[in-house]
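A closer look at the structure
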Amino acid sequence: MALPSPPSAASASASAASAPASAGERWPPLESSPEVFNQFMWSLGVPEDEAEFHDVYGLDADALDMVPQPVLAVILCFPDPPQNESYTSDLRLSCGEKETQDQVYFIKQIESLGNACGTIALIHAVGNSSSGINLVENSCLDLFFKSTTSMDPYERALFLEKDDTMASAHSLAASAGVTELCDVVEEHYICFVAVNGTLIELDGMKDGPIKHGSSSSKSLLQDAVSVIKGIMHNIPDSINFNLMVLSRKQSNAGTTS
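Within every chain, residues take consecutive numbers counted from 1 along the sequence as written. Whole-chain, interface and lining totals are the exception, using all residues; otherwise, since this is a predicted model, local features are given only for residues with pLDDT of at least 70 and side-chain atom pairs are given and counted only at 80 or more. Hydrogen atoms and water are omitted, and side-chain values are computed over all heavy atoms in the structure.

Using the following cut-off: UniProt positions are given in the numbering used here, feature names are shortened, and annotations may be inferred rather than shown by experiment.
As named in an unreviewed UniProt entry, the protein is Ubiquitin carboxyl-terminal hydrolase, taken from Urochloa decumbens. Its UniProt record gives the protein the following Catalytic activity (unreviewed entry) comment, quoted word for word: "Thiol-dependent hydrolysis of ester, thioester, amide, peptide and isopeptide bonds formed by the C-terminal Gly of ubiquitin (a 76-residue protein attached to proteins as an intracellular targeting signal)."

Structure (structure tokens):
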């Protein structure tokens, strides 16, 4: 099953699309393209020789084999699902899985963050790839993670909301895309990572991380694609899907376990 190649701009949800104008202006939608996400990520403190985003051009085995390894995170841009669609509680990380729960960096998306789901997905990708990425000391992301490590997901959202440096970088990245921005944005970003042997879905619009079975750094992309196929199946009337991976640069690939 092939993914469409045209880039798209994404928001949080239908409710976020109707967020106050100030939130929408401060956090406009990001175009789903490696060029935009790479420049954004590098400007925040991920060294260019550490990691970069790549497009995934299809979900078949041949297309996945072309994706640069190792994959640190998978980011999906897709149409907003129906508002009543939700995961059962048994898929959420429970208190009994505290070891995994403590290792997952998760941030909520609140209404005042407007269309910040692209930035939240990037934060989820980098924040859960700490063992594979060395941030520039005292860079925007370095200071953000140091400041929010002990916070809960909602407190992190409030911290992000007030982070002028992050908001400015987000706006600059949004203006760098080639897609014309519109008043109503109907796409959303989520992120998949492998933490403590578990495939984790990170969606700021949900109550917390979602578990999807076992996974590893080697099988992350294939495991995430299995879930993504299910998402696509549930939204059959749209072709607005775009898939990217965050991969470790080849020069540093040998340092990732």
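Next comes the rest of the write-up.
**A few points about helix H8 (residues 153-161)**
Threshold: Working definition: with a 1.4 Å probe on protein chains only, accessible area under 20% of the residue-type maximum means buried, over 50% means exposed, and in between means partly exposed. Working definition: helices are DSSP H or I runs of at least four residues, strands are E runs of at least two. Numbering for both runs from the N terminus. Picture the helix axis, draw a direction to every C-beta atom, and the arc is the one those directions span. Two residues form a contact once any of their heavy atoms are found within 4.5 Å. Each polar contact in these results corresponds to two N or O atoms within 3.5 Å; when the atoms are within protein, one needs to be able to donate a hydrogen and the other to accept it, and residues that are neighboring in sequence are counted only if both atoms are side-chain atoms.
Of all the positions in H8, only Arg156, Ala157 and Leu160 are classed as buried. Buried residues in H8, looked at end-on, bunch into an arc of 105 degrees, giving them a common side. The inward-facing, buried residues of H8 contact helix H6 (117-127), helix H7 (140-148) and helix H9 (164-175). Measuring from the backbone nitrogen of Tyr154 back to the side-chain oxygen at the start of H8 gives 3.0 Å, which picks out Asp152 as the cap.

**Section: the UniProt feature "site: Important for enzyme activity" (unreviewed entry) in the protein**
Mapped onto the present numbering, the UniProt feature "site: Important for enzyme activity" (unreviewed entry) falls on Asp203. Topologically, Asp203 is positioned in the loop between strand E6 (198-202) and strand E7 (210-214). Among the residues examined, Asp203 registers a relative accessible area of 3% and is labelled buried. Separated by 2.7 Å, the side chains of Asp203 and His188 make a polar contact.

**Overview of empty space enclosed by the protein**
Quick note on the threshold: With a 1 Å grid spanning the protein atoms alone, the term cavity applies to any set of points in which a 1.4 Å probe fits but cannot get out, the term pocket to an open set with protein on both sides within 12 Å along at least five of seven lines, and the term lining residue to any residue with an atom within 4 Å of a point. Grid points are joined across faces, edges and corners, and a volume is the space filled by probe spheres set on the points. In the scheme used here, Gly and all other residues not listed as nonpolar or charged are polar, with Ala, Val, Leu, Ile, Met, Phe, Trp, Tyr, Cys and Pro taken as nonpolar and Asp, Glu, Lys and Arg as charged.
For the structure on display, the rule yields one cavity of 30 Å³ or more. Forming the boundary of the largest cavity are Gln109, Cys117, Ile120, Ala121, His124, His188, Tyr189, Leu202, Asp203 and Gly204. Looking at the lining of the largest cavity, the elements with two or more residues in it are H6 and strand E5 (187-195). Here the lining of the largest cavity gets four residues from one element, more than from any other, and that element is H6. For the lining of the largest cavity, the residue count by class is five nonpolar, four polar and one charged.

**Let's talk about H7**
Every buried residue of H7 is listed here: Cys140, Leu141, Asp142, Phe144, Phe145 and Thr148. Structurally, H7 contributes buried residues whose contacts are with helix H3 (34-44), H6, H8 and H9.

**Topic: the layout of surface pockets**
The space that makes up the largest pocket amounts to roughly 410 Å³. Every residue lining the largest pocket is counted, 20 residues in all, and those nearest its centre are Asp102, Val104, Tyr105, Phe106 and Arg156. Counting residues per element, the ones that place at least two in the lining of the largest pocket are helix H5 (98-103), H6 and H8. Looking at which element gives the most residues to the lining of the largest pocket, the answer is H5, with three residues. In the lining of the largest pocket, the residues fall into 10 nonpolar, seven polar and three charged.

**A word on the confidence of the model for the protein**
How we decide: Every residue carries a pLDDT, the predictor's confidence in it, which falls somewhere between 0 and 100.
Chain-level statistics for the protein give a pLDDT mean of 83 and a share of 76% at 70 or above. Here residues 11-21 scores under 50 on pLDDT; set against residues more than four positions off or in separate chains, the count is 29 contacts.

**Observations regarding the sheet that holds strand E8 (residues 242-248)**
Rule in force here: By definition, two strands form a pair when at least two bridges between them are found by DSSP. The convention used is that axes are lines fitted to C-alpha atoms, helices contributing only their stretch in contact, and that angles between N-to-C directions extend from 0 to 180 degrees.
Taking strand neighbours across the sheet as the criterion, the six strands line up as E3-E8-E4-E5-E6-E7 in an open arrangement whose pairing is antiparallel. For this open sheet the edge positions go to strand E3 (51-56) and E7, each flanked by a neighbour on one side alone. Strand-to-strand twist in this sheet, taken as the mean axis angle between neighbours without regard to direction, amounts to 25 degrees. By the bridge criterion, six bridges tie E3 to E8 in an arrangement that is antiparallel. Each residue of the ladder has a partner; that of Val56, found in E8, is Leu243. Relative to the sheet, H3 contacts E3, strand E4 (71-79), E5 and E8, its axis offset from that of E3 by approximately 165 degrees.

**Comments concerning the environment of Gln222**
Its place among the elements puts Gln222 in helix H10 (residues 220-234). On the accessibility criterion, Gln222 (31% relative accessible area) is partly exposed. As for Gln222 and Ala61, which are separated by 161 residues in sequence, their C-alpha atoms are 8.7 Å apart.

**Some thoughts on the packing of aromatic side chains**
Counted only if it meets this: In summary, the pairing rule links any two rings of Phe, Tyr or Trp, Trp by its six-membered ring, whose centres are within 6.5 Å, and it sorts them by plane angle into stacked for under 30 degrees, edge-to-face for over 60 and tilted for everything else.
Under the criterion given, the structure shown has five aromatic pairs. Between Phe37 and Tyr189, the aromatic rings sit 5.3 Å apart at their centres with planes inclined by 55 degrees, giving tilted as the arrangement. Placement of Phe37 in helix H3 and of Tyr189 in strand E5 is noted, with a sequence separation of 152 residues between them. Neither residue differs from the other here; Phe37 and Tyr189 are each classed as buried. Centre to centre, the rings of Phe144 and Phe159 are 5.6 Å apart; their planes meet at 65 degrees, and the pair counts as edge-to-face. Of this pair, Phe144 sits in helix H7 while Phe159 sits in helix H8; the two residues are 15 residues apart in sequence, bridging distant segments of the chain. Using a relative accessible area of 1% as the deciding quantity, one classes Phe144 as buried.

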